Amino acid sequence: MSAITRDDVAHVAMLARISLSEDELDRLAGQLDQIVDWVGQVNQVAAADVPPMSHPLPLTNVTRPDEVRPALTAEQALAGAPEAEQQRFAVPRILDED
Amino acid sequence: MTETTTPAAGEELTRLTAAAMADRLTAGELTSEQLVHAHLDRIERLNPVLNAYLRVDAEGALATAREVDAARAGGEQLPRLAGVPVAVKDIACTEGLVTTAGSRMLAAWVPPYDATVVRRLREARMPILGKTNMDEFAMGSSTEHSAFGPTRNPWDLDRIPGGSGGGSSAAVAAYLAPLAIGSDTGGSIRQPAAVTGTVGAKPTYGGVSRYGVIALASSLDQIGPCARTVTDAALLHEVIGGHDPMDSTSIDAPVPPVLEAAGTRDLTGLRVGIVSELTGEGYQPDVQARFDEAVAQLREAGAEVVEVSCPHFRYALPAYYLILPSEASSNLARYDAMRYGLRVHPEGVDRPSAEQVMAASRDAGFGDEVKRRIILGTYALSAGYYEAYYGQAQKVRTLIARDFEAAFEQVDVLISPTAPTTAFRIGDKAEDPMAMYRNDIATIPANLAGVPGLSVPAGIAGDGLPVGVQLLAPATSDERMYAVGAALEARLAAQWGGSGSVLDRAPDVSALVDAFATTASSADREVTA
């Protein structure tokens, strides 16, 4: 298993939408390299014939009747918004300029 | 009856068990308002140093208390714990009361609804004293990763109270609340209980609704009770447990009879298994000694004790530190600075895009440990690595669940120390994330498999700090760990004398806090001079 590099951390931070500072990148790269090496131990035991387990409960398709029930009002839902306009979340521009 | 109590009488009230508080309330010897006042007074005095509560809701707690007192005076039939105050970890949403999960990201966020667990406390008519401190988004074993400062252990103010639920454990241990709600993803209820001399239970996965609880790792998270006695934990467990249609992973079956089990004293015929992989090397010698004594007590109570092997438990930590960050990186994607929480504009950008605002906000809003785990999880899930890391970790999870199945064919309950050491010093592991992770070695297997676990005090180590032992039971058989925990607690209480609580031997926290405050202010004076 290849070790995690500073560039890997920068790429993953971009995927995770966290703008890390140069210092943070340096520090995290060193720590994550160690951690990734250590968690890689899972490859020592997990054989091909072992089924993966994603959850403790064997649940599939838990459903409920599709009935109208009381829900939050628009005001309640927007109460924690950094910015709201006309009963909507107001967000910074989502398209490139021009 | 007067509504005011002398300070000394108030102190006495806070030392009662929740069960005794409930009995005195029912008997009319005490009002809920007196109880709430007694706790608020103590919180006001000790919390500035302990930092167990992030927010105190005096007004809300007193309003509930007065309603309960009026209802009782009017002859109304009330739930058993009506009027008994409770603290809630700041991970469970409280309508109208700021809920931060210990993060700058949610520093000012007021939830628009109650978590089911909070709703159940309200239905049980329990005054909610406030919200307790925690590691940011429950990532940590020390509460040092809270954005709002660490919580101090009431046994020694330079030590950690465990984590992530160190606020709840410290509040209960320092008599700032008789009961508290915790959440346990890898040990965050059990390990804090162990290092503060209190009791903490992680129910079977799905045993308590997660609806309205801020998610860390959805397949591991479980809500549970923090208390000073096994019976008190069982009382709170029965209030919060049971099916909730709002949580699709909630078990649709009655709550296991944990309160009845907490009355158990005789363990004749019960088979207890010591997990070989969770003792010996790596465990502080006097933690091991208290554990061995607890096992001897169980034998004397009639239990048959054998050693069992769970060979894959040694891979539990690496598997957990892939599964948890993977799920967390996905769950924490919701903090996008668009709909709620912190929004920060990047410096030096004239008209930033939503994506730039998102990235700047997540950098400013998340602390180091949260960033570390999000990056690790994103890496483990990314193209080319998924099979080697997350996929393999899920297979290890199967092997650990199989180890539990095999063990529970031989024994009824498993036992181990809850944590490998007593409380470490604040700052000791701050620069070494892996040393911090290793602290959860004994508690993590239960979360991976979804089985219940209970930590009960087992005595005090040579360093004067408390030690806990952990009991593990098969899924949906939570009552078994309560039965063994209660029998052990009763035998140790008889041996220790006094009230029977290990907390009797804790130093006087008021004196510690006064001394701490004096030192801190003289240090300030030196700095100013």
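Residues numbered from 1 in each chain as written. Chains lettered and ligands numbered in written order. Predicted model: local features only at pLDDT ≥ 70, side-chain atom pairs only at ≥ 80, totals over all residues. Heavy atoms only, no water.

J.: Any chance you could explain the overall build of chain A here in plain terms?
T.: Along chain A, the regular secondary structure elements total 3 helices and 2 strands. For chain A, the N- to C-terminal ordering of α and β elements is α-α-α-β-β. Compactness check: chain A gives a C-alpha radius of gyration of 22 Å against a globular reference of 13 Å for 98 residues, more than 25% above the reference. With the C-alpha coordinates of chain A rotated into their principal frame, the extents come out at 55 × 45 × 25 Å. Burial analysis of chain A (98 residues in total) assigns 30% to the buried set. (Helix = DSSP H or I, 4+ residues; strand = E, 2+ residues; numbered from the N terminus. Rg over C-alpha atoms; globule rule 2.2 N^0.38 Å. Buried < 20%, exposed > 50% of the residue type's maximum accessible area, 1.4 Å probe, protein only.)

J.: Looking at this structure, I do not really get the overall build of chain B. What am I missing?
T.: Within chain B, the regular secondary structure consists of 18 helices and 11 strands. A compact globule built from 529 residues should have a C-alpha radius of gyration of about 24 Å, and chain B, at 22 Å, falls within 12% of that. Along the longest, intermediate and shortest principal axes, the C-alpha atoms of chain B span 65 × 55 × 55 Å. If you take every contact in chain B between residues at least 6 apart in sequence, the share linking residues at least 24 apart comes to 76%. (Contact = heavy atoms within 4.5 Å.)

J.: Explain the pairing of strand β3 (residues 128-132) of chain B here, please?
T.: Taken residue by residue, a regular strand's side chains alternate between the two faces of the sheet. Residues and elements named next belong to chain B. Of all 5 residues in β3, 5 are buried, a share of seventy percent or more. Pairing of strand β1 (residues 53-56) with β3 involves 3 bridges; the strand directions are antiparallel. The residue of β3 that forms the bridge with V56 is G130. With 4 bridges connecting them, strand β2 (residues 86-89) and β3 associate as parallel partners. (Pairing = 2+ DSSP bridges.)

J.: What am I meant to see in the side chain of T100(B) here?
T.: As for its placement among the helices and strands, T100(B) is situated in the loop between β2 and α5 (116-123). At 3.0 Å, the side chain of T100(B) and the backbone nitrogen of G102(B) are in polar contact. (Polar contact = N/O pair within 3.5 Å; in protein donor to acceptor, adjacent residues only side chain to side chain.)

J.: Would you take a moment to explain the pattern of salt bridges for this structure?
T.: Where charged atoms of side chains with opposite charge meet at close range, the side chains can pair. Under the counting rule described, the total for this entry stands at 24 salt bridges over all chains. Here R6(A) makes a salt bridge to E22(A), at a shortest N to O gap of 2.7 Å. Separated by 16 residues along the polypeptide, R6(A) in helix α1 (residues 6-15) and E22(A) in helix α2 (residues 22-39) bring together distant segments of the chain. Across the pair E33(B) and R66(B) runs a salt bridge, and its minimum N-O distance is 3.2 Å. Of this pair, E33(B) sits in helix α3 (residues 32-50) while R66(B) sits in helix α4 (residues 58-73), and the two are 33 residues apart along the sequence. Ionic contacts of the salt-bridge type, sharing partners, join the residues R6(A), E22(A) and D26(A) into one network. (Salt bridge = Lys/Arg side-chain N within 4 Å of Asp/Glu carboxyl O.)

J.: Can you walk me through the packing of α1(A) against helix α13 (residues 368-381) of chain B in this structure?
T.: The angle between the axes and the distance between the axes are what describe a pair of packed helices. Two elements in contact, α1(A) and α13(B), have axes whose closest approach is 9 Å; the angle formed by their N-to-C orientations is 95°. It follows from the interaxial angle that α1(A) and α13(B) lie roughly perpendicular. Together, V9(A), V12(A), A13(A) and L15(A) of α1(A) and I375(B), T378(B) and Y379(B) of α13(B) make up the contact between the two elements. A per-class count over the contact of α1(A) with α13(B) returns 6 nonpolar, 1 polar and no charged. (Axes fitted to C-alpha atoms, helices over the stretch in contact; angles between N-to-C directions. Parallel < 35°, antiparallel > 145°, perpendicular 65-115°, else oblique. Nonpolar A, V, L, I, M, F, W, Y, C, P; charged D, E, K, R; others polar.)

J.: I keep staring at the interface of chain A and chain B and nothing clicks. Help me out?
T.: Interfaces are frequently sized by the accessible area removed from exposure as the parts join. Contact with chain A, which involves 55 residues of that partner, is made by 65 residues of chain B. Carbon and sulfur atoms supply 67% of the area that chain A and chain B bury against each other, a total of about 5400 Å² over both sides. When the buried area of chain A at its contact with chain B is split by residue, R17(A), W38(A) and M53(A) rank highest and sum to 13% of it. At the surface where chain A touches chain B, the tally comes to 4 salt bridges. When the shortest N-O distance is used, the salt bridge between R17(A) and E355(B) registers 3.6 Å. (Buried area = accessible area lost by both parts, 1.4 Å probe.)

J.: Please clarify how the environment of A401(B) should be interpreted in this entry.
T.: Along the chain, A401(B) falls in helix α14 (residues 387-410). Taking the C-alpha atoms as reference points, A401(B) and F313(B), separated by 88 residues in sequence, lie 9.6 Å from one another. Every residue in contact with A401(B), bar those within four places of it in the chain, is listed here: M53(A) and A449(B).

J.: Explain helix α17 (residues 478-496) of chain B to me, please; I cannot follow it from the model alone.
T.: One turn of an α-helix holds 3.6 residues; hence residues three or four places apart share an orientation. Residues and elements named next belong to chain B. A rise of 1.5 Å per residue sets the reference length of α17, with its 19 residues, at 27 Å; its end C-alpha atoms lie 27 Å apart and thus fit the reference within 8%. Taken as a whole, α17 has its buried residues at D478, M481, Y482, A483, V484, G485, A486, A487, L488 and L492. Just past α17, the residue G497 takes up positive phi, approximately 75°. (Expected span 1.5 Å × (residues − 1).)

J.: Help me understand α3(B), please; the structure alone is not making it clear to me.
T.: All names here are of chain B. If you look at α3, its biggest bend is around 40°, right at E44, and the proline P48 turns up within four residues after that. Across the 19 residues of α3, 14 count as buried, placing the element largely inside the fold. The positive-phi residue at the C-terminal boundary of α3 is N51, with phi of around 55°. (Bend = angle between axes of the 7 residues up to and from the residue.)

J.: Explain the packing of aromatic side chains here, please?
T.: Between two aromatic rings, the relevant description is the distance of the centres plus the angle of the planes. Residue and element names in this part refer to chain B. Applying the stated rule across the entire model yields 16 aromatic pairs over all chains. Ring centres of Y335 and F366 lie 6.4 Å apart, and the angle between their planes is 85°; this geometry places the pair in the edge-to-face category. Here F366 lies in the loop between α12 (354-365) and α13 and Y335 lies in the loop between α11 (316-331) and α12, a separation of 31 residues in the sequence. Y335 gets classed as buried once you look at its relative accessible area, which sits at 2%. The rings of W109, F137, Y335, Y340 and F366 are connected pair by pair, giving a single aromatic cluster. (Phe/Tyr/Trp six-rings, centres within 6.5 Å; stacked < 30°, edge-to-face > 60°.)

J.: In this structure, what is going on with the nonpolar core? I would like to understand it.
T.: Soluble, globular proteins show a tendency: their nonpolar side chains are buried together. All names here are of chain B. F137 and Y482 are the most contacted members of the largest nonpolar core, which has 157 residues in total. Residue contributions to this core peak at 10 residues, all from α14. With 25 residues, the next largest nonpolar core counts A65, V172, A177 and V509 among its residues. (Core = buried A, V, L, I, M, F, W, Y, C linked by side-chain atoms within 4.5 Å.)

J.: I keep staring at unusual backbone geometry and nothing clicks. Help me out?
T.: Of all residues except glycine, most have a negative phi; of all peptide bonds, most are trans. Residues and elements named next belong to chain B. Cis geometry is found at the peptide bond from G163 to S164, where omega equals 10°. Its identity as a non-glycine residue notwithstanding, F137 has a phi of 50°, on the positive side. Structurally, F137 is set in the loop between β3 and α6 (166-173). Look at F137 and you get buried, because its relative accessible area is 2%.

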